[in-house]
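Single-letter residue listing:
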Amino acid sequence: MLDNPENAEKAYTTAIGKQSGLFSPYLYRGLLRFEQTNYTGARSDLDRSHALLPTAVSAFYLGELAMQSGDSNAAMSYYQQASQGGNSELARRAHQRRAQLEWGSAPYNHLPSQPFVGSDGYLRVAVRNDTGIAVTAVRVQLMDMRNSNPAANRTTLRGSYNLEPGQQIEINTGLGPFQDTSQARAYRSQVIQAQPAE
């Protein structure tokens, strides 16, 4: 049936006619229509499938359709749903799409960071790339939570860093030496800039 898309579409349409309350014929016909670049038909079927039973697959492809139409808010919502699905490859792809959408506004959602005191007594920041894509121009901000003046307690660390998927780096802040490793709790860090590698 997959070798003949026309027959496949007819079969899914027949199944829908017999039991319109099942999500799967809508899902499979929507995927088929998506592959055939019939995006209007795909959206209709995937919307119906998702309304009957939200799945990671329908969410991902609805996210793709939302991106094509320029609705990044809807796309973000669908990718969020898909990234929590059980299909690990699809969840990974959805996570990548979310990261690409958020680079400009919230790179810290995908590049977690944590201050700690290194074995040499100096404050360091660990930054990890949780995305499936390489990133460049990573900039990190350090906040001293002991200072009550919000403007005065933020420092952008020197340097711009590149991280491969899954890679973690440690940045020496130059602060220290500290006598007690618990002093790191007085600091917070956040990635404030990043972009996908070309």
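Everything quoted here is computed from the prediction, not taken from an experiment.

Q: Report on unusual backbone geometry, specifying residues and quantitative values.
A: Looking along the chain, the bond that leaves Gly176 and enters Pro177 is cis, with omega of 5°. The backbone of Thr37 shows a phi angle near 60°, a positive value even though the residue is not glycine. Among the structural elements, Thr37 can be located in the loop between α2 (23–35) and α3 (39–52). In this structure, Ala137 is a non-glycine residue whose phi angle is positive, near 55°. Summarising the element assignment, Ala137 is placed in strand β3 (residues 135–144).

Q: How would you explain the sheet that holds strand β2 (residues 123–128) if you had to name every residue and give the values?
A: Spatial ordering of the open sheet is given by β1-β2-β6, a layout of three strands whose pairing is antiparallel. Each edge of the sheet is formed by a strand with only one pairing partner; in this case those strands are β1 (113–117) and β6 (168–172). Adjacent strand axes in the sheet meet at a mean angle of 25° when their direction is disregarded. Where β2 meets β6, five bridges bridge the pair, whose relative direction is antiparallel. Paired with Arg128 across the two strands is Gln168, which belongs to β6.

Q: Pulling in residues and values, what's your account of the environment of Glu64?
A: Residue position: Glu64 is located in helix α4 (residues 56–68). For Glu64, a relative accessible area of 13% translates into the label buried. Those residues within four positions of Glu64 in sequence are excluded, and the remaining contacts are Phe34, Tyr79 and Arg97.

Q: Now, about the confidence of the model for the protein: what can you tell me, with residues and values included?
A: On average, residues of the protein score 92 in pLDDT, and 96% of them reach the 70 mark or higher. Confidence, expressed as mean pLDDT per element, reaches its minimum in the protein at helix α6 (residues 88–102) with 87 and its maximum at β2 with 98.

Q: Outline the nonpolar core, listing residues and values.
A: Counting 22 residues, the largest nonpolar core has Trp103, Leu111, Leu123, Val127, Val138, Val140 and Val191 as its most contacted members. Among the secondary structure elements, those contributing two or more residues to this core are β2, β3, β6 and β7 (187–196). Counting residues per element, this core draws most heavily on β3, at four residues. Counting 17 residues, the second largest nonpolar core, distinct from the first, contains Leu27, Leu31, Ala59 and Ala94.

Q: Could you give an account of α4, with specific residues and numbers?
A: Spanning 13 residues, α4 covers 18 Å between terminal C-alpha atoms, matching the ideal 18 Å at 1.5 Å per step. Of all the 13 residues making up α4, ten are buried; the element is thus mostly covered by neighbouring parts of the structure. Taken as a whole, α4 has its buried residues at Ala56, Ser58, Ala59, Phe60, Tyr61, Leu62, Gly63, Glu64, Leu65 and Ala66. Following α4 by one or two positions, Gly70 adopts a phi angle in the positive range, close to 85°.

Q: Pulling in residues and values, what's your account of the packing of aromatic side chains?
A: Tallied over the full model, the rule gives six aromatic pairs. On the numbers, 5.7 Å between centres and 50° between planes, the contact of Phe60 with Tyr79 is tilted. Here Tyr79 lies in helix α5 (residues 72–83) and Phe60 lies in helix α4, a separation of 19 residues in the sequence. Judged by its relative accessible area of 1%, Tyr79 falls in the buried class. Three or more aromatic residues link up through ring pairs in this structure, and these residues are Phe34, Tyr39, Phe60, Tyr61 and Tyr79.

Q: How would you explain the side chain of Glu102 if you had to name every residue and give the values?
A: With respect to the helices and strands, the residue Glu102 is situated in helix α6. When near neighbours in sequence (up to four residues on either side) are disregarded, Glu102 contacts Met76, Pro107, Asn109 and His110.

Q: I'd like to hear about the packing of helix α1 (residues 5–18) against α2, residue by residue, with values.
A: Contact geometry for α1 and α2: axes closest at 9 Å, N-to-C directions at 155°. With respect to α2, the axis of α1 lies roughly antiparallel. Considering the relative orientation of α1 and α2, their crossing is left-handed. Of α2, the residues touching α1 (which contributes Pro5, Ala8, Glu9, Tyr12, Thr13, Ala15 and Ile16) are Pro25, Tyr26, Tyr28, Arg29, Leu32 and Arg33. Looking at the contact of α1 with α2 residue by residue, the class counts come to nine nonpolar, one polar and three charged.

Rules used throughout
Residues numbered from 1 in each chain as written. Predicted model: local features only at pLDDT ≥ 70, side-chain atom pairs only at ≥ 80, totals over all residues. Heavy atoms only, no water. Helix = DSSP H or I, 4+ residues; strand = E, 2+ residues; numbered from the N terminus. Pairing = 2+ DSSP bridges. Axes fitted to C-alpha atoms, helices over the stretch in contact; angles between N-to-C directions. Buried < 20%, exposed > 50% of the residue type's maximum accessible area, 1.4 Å probe, protein only. Contact = heavy atoms within 4.5 Å. pLDDT = per-residue confidence, 0-100. Core = buried A, V, L, I, M, F, W, Y, C linked by side-chain atoms within 4.5 Å. Expected span 1.5 Å × (residues − 1). Phe/Tyr/Trp six-rings, centres within 6.5 Å; stacked < 30°, edge-to-face > 60°. Parallel < 35°, antiparallel > 145°, perpendicular 65-115°, else oblique. Left-handed = near helix turned anticlockwise from the far one by under 90°. Nonpolar A, V, L, I, M, F, W, Y, C, P; charged D, E, K, R; others polar.

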